[in-house]
Amino acid sequence: MKAKIRKIVTTVEETRTEMGQVVDPPVRRAVSIAVIENPFAGRYVEDLQELIDIGEELGGLLAQYAVNAIGIEGSRAESYGKAAAVGENGELEHAAAILHPKLGTPVRKVLGKGAALIPSSKKRGGPGVTLDIPLGHKDAAYVRSHFDGMEVRISDAPRANEIMVAVAVTDSGRPLPRVGGLTKDQIKGDDGLR
Amino acid sequence: MPEIAIRKRIITIEEIFHEGGPPVKTPLRRGALVAVIHNPFAGRYVEEIAGFMDDLKPLGLAMAQDLAAALGGAKAIEGYGKGTIVGAAGELEHGALWHVPGGYAMREILGGAKAIVASTKKVGGPGTRLDVPVTHINASYVRSHFDAMEIGVTDGPKADEMALALVMTTGPRIHARVGGLKASEVKGEDGLR
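Residues numbered from 1 in each chain as written. Chains lettered and ligands numbered in written order. Predicted model: local features only at pLDDT ≥ 70, side-chain atom pairs only at ≥ 80, totals over all residues.

1. Quick look at the overall build of chain A
Here comes step 1: Looking only at helices and strands, chain A features three helices and seven strands.
Here comes step 2: For chain A, the N- to C-terminal ordering of α and β elements is β-β-α-β-α-α-β-β-β-β.
Here comes step 3: Relative to a compact globule of 194 residues, whose C-alpha radius of gyration would be 16 Å, chain A shows 17 Å and is just as compact.
Here comes step 4: C-alpha atoms of chain A, sized along the principal axes, occupy 50 × 35 × 25 Å.
Here comes step 5: Of all intrachain contacts in chain A linking residues separated by at least 6 positions in sequence, the fraction that spans at least 24 positions is 80%. (Helix = DSSP H or I, 4+ residues; strand = E, 2+ residues; numbered from the N terminus. Rg over C-alpha atoms; globule rule 2.2 N^0.38 Å. Contact = placed C-beta atoms within 7 Å.)

Written out as structure tokens, the structure is:
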């Protein structure tokens, strides 16, 4: 493996009630985050291929951790998102190299499908920085019930020469969706949008 | 006996491979399970609260079992700790209700662990972070196992809620090397050494 991983943190959140209403089945959201060494920390490097390859490795690994943590088959996942936080000696472009060129394909392999764009966010920050990972339906970006977000944080990461890479997966949308829009039973799933 | 109203549960597992030193063969695992529940005493002073400890026992047991399972089973567990964040309409004393049901649940499912369960608590709003202390399950003085795990819930506890946390670890700090009592030297009689 090209990525030098210091730790992997996986969190599953299970919401059972919201505003006194029972959420049945519970909404489950999982995120798995790898804390890796940034090979380009502290210097300007033009060619970011190494980080692009690391993104490809981590996509499959983290998606698998996340679905395992929920305890479902990948094909039962409904929404997803990704994010990265670069330590202070790195560049925002390093996060982009990990997230955008190659991370998505192995994530979609784990989940069976995934016609929709994987929503993403990125930032630079110090240890304990919070990442708000945007979430959207994996097969149709316009499914309104699945527009969501998940906050994650690791108290000791990213250190200056590290990058946090996160992949989030859910088995459902928001707990009590009722603002209309495209619903998941109306998905055509051809164009990734509807 | 009032039913415990759980709004959400969060399980976090950390797998630590190294921290700048030599990578270990078996990664250290640290896990936390947090349950956000309704605080039945929020918003007023209630004198008699101790009965709620019994009500929390089944929840404590279920949480301890689920957390140990997520870390590879009770046999793998070497360190533990617990903590509470009480929402703003509650009292620090409400957080103390977790000592007995949280602590004894872990000791029971870990096969009668001997050491007192390290703990901490505070009153706070949604997003409050809590550093839960961790010590060896059979001997509090084992220096390699002094550790801590930060927990928190973005949208909890609300004012009328409490976040109850259990933490377990599968071994010493990743590059432990500051001496003291070793896990291999534990007598395991008094919970201290």
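Resuming the write-up.
2. Description of the overall build of chain B
Here comes step 1: For chain B, the helix and strand inventory stands at three helices and seven strands.
Here comes step 2: Helices (α) and strands (β) of chain B occur, in sequence order from the N terminus, as β-β-α-β-α-α-β-β-β-β.
Here comes step 3: A globule of 193 residues ought to have a C-alpha radius of gyration of about 16 Å, and chain B, at 17 Å, matches this closely.
Here comes step 4: In terms of overall dimensions, chain B has C-alpha extents of about 50 × 35 × 25 Å along its principal axes.
Here comes step 5: Out of the 193 residues belonging to chain B, those deemed buried represent 47%.
Here comes step 6: Sequence-distant contacts in chain B: of pairs separated by 6 or more residues, those separated by 24 or more amount to 78%. (Buried ≥ 20, exposed ≤ 12 C-beta atoms within 10 Å, placed from the backbone.)

3. A short note on the confidence of the model for chain B
Here comes step 1: Per-residue pLDDT for chain B averages 95, and the proportion of residues at 70 or more is 99%.
Here comes step 2: Scoring the predicted complex yields pTM 0.90 and, for the interface, ipTM 0.83. (pLDDT = per-residue confidence, 0-100.)

4. Topic: unusual backbone geometry
Here comes step 1: Note that the residue after A:Asp24, namely A:Pro25, is joined by a cis bond; omega there is -5°.
Here comes step 2: With respect to the helices and strands, A:Pro25 occurs in strand 2 (residues 21–37).
Here comes step 3: With omega at 0°, the peptide bond leading from B:Gly156 into B:Pro157 counts as cis.
Here comes step 4: Summarising the element assignment, B:Pro157 is placed in the loop between strand 6 (147–152) and strand 7 (161–169).

5. Let's talk about the interface of chain A and chain B
Here comes step 1: Taken together, the contacts link 15 residues of chain A with 17 residues of chain B.
Here comes step 2: The residue makeup of the side of chain A that touches chain B, split by class, is four nonpolar, five polar and six charged.
Here comes step 3: With nine bridges connecting them, strand 1 (residues 5–18) of chain A and strand 1 (residues 6–16) of chain B associate as antiparallel partners. Each bridged residue has a counterpart across the sheet, and for A:Val12 the counterpart in strand 1 of chain B is B:Ile11. (Nonpolar A, V, L, I, M, F, W, Y, C, P; charged D, E, K, R; others polar. Pairing = 2+ DSSP bridges.)

6. Comments concerning the environment of A:Ile133
Here comes step 1: You can see A:Ile133 is positioned in strand 5 (residues 130–137).
Here comes step 2: Placed 33 residues apart in sequence, A:Ile133 and A:Ala166 show a C-alpha to C-alpha distance of 8.1 Å.

7. Some words on the packing of helix 1 (residues 52–70) of chain B against helix 3 (residues 99–109) of chain B
Residues and elements named next belong to chain B.
Here comes step 1: The interhelical angle for the contact between helix 1 and helix 3, taken along N-to-C directions, is 45°, at an axis separation of 8 Å. In terms of their interaxial angle, helix 1 and helix 3 are classed as oblique. Note that helix 1 runs across helix 3; the crossing there is right-handed. Counting all contacts with helix 1, which are made through Met-53, Leu-56, Lys-57, Gly-60, Leu-61, Met-63, Ala-64, Gln-65 and Ala-68, the residues of helix 3 involved are Val-100, Pro-101, Gly-102, Ala-105, Met-106 and Ile-109.
Here comes step 2: Its residues assigned to classes, the contact of helix 1 with helix 3 comprises eleven nonpolar, three polar and one charged. (Axes fitted to C-alpha atoms, helices over the stretch in contact; angles between N-to-C directions. Parallel < 35°, antiparallel > 145°, perpendicular 65-115°, else oblique. Left-handed = near helix turned anticlockwise from the far one by under 90°.)

8. With respect to the packing of helix 1 (residues 49–70) of chain A against helix 3 (residues 104–111) of chain A
All names here are of chain A.
Here comes step 1: For the pair helix 1 and helix 3, interaxial distance at closest approach is 7 Å and the crossing angle is 30°. Classed by the angle they form, the pair helix 1 and helix 3 counts as roughly parallel. Considering only the axes of helix 1 and helix 3, their crossing is right-handed. For the pair formed by helix 1 and helix 3, the contact residues are Glu-56, Gly-59, Gly-60, Ala-63, Gln-64 and Val-67 on the first element and Gly-104, Thr-105, Pro-106, Val-107, Lys-109, Val-110 and Leu-111 on the second.

9. What about helix 1 of chain A?
Residues and elements named next belong to chain A.
Here comes step 1: A rise of 1.5 Å per residue sets the reference length of helix 1, with its 22 residues, at 32 Å; its end C-alpha atoms lie 32 Å apart and thus fit the reference within 8%.
Here comes step 2: Of all the bends in helix 1, the greatest measures close to 25° and is centred on Leu-58.
Here comes step 3: Two residues or fewer after helix 1 comes Gly-71, characterised by a positive phi angle close to 85°. (Expected span 1.5 Å × (residues − 1). Bend = angle between axes of the 7 residues up to and from the residue.)

10. Thoughts on helix 3 of chain B
Residue and element names in this part refer to chain B.
Here comes step 1: Residues of helix 3 that are buried: Pro-101, Gly-102, Gly-103, Ala-105, Met-106, Arg-107 and Ile-109.
Here comes step 2: At its buried positions, helix 3 is contacted by helix 1, strand 3 (79–86) and strand 7.
Here comes step 3: One or two positions beyond helix 3, positive phi appears at Gly-111, with a value near 80°.

11. Thoughts on the environment of A:Asp156
Here comes step 1: Residue placement: A:Asp156 occurs in the loop between strand 6 (148–153) and strand 7 (162–170).
Here comes step 2: When the 15 C-beta atoms within 10 Å are taken as the criterion, A:Asp156 is described as partly exposed.

12. A closer look at the environment of B:Val167
Here comes step 1: Topologically, B:Val167 is positioned in strand 7.
Here comes step 2: Those residues in contact with B:Val167, other than ones at most four positions away along the chain, are B:Gly31, B:Ala32, B:Tyr80, B:Gly81, B:Lys82, B:Val132, B:Val134 and B:Met149.

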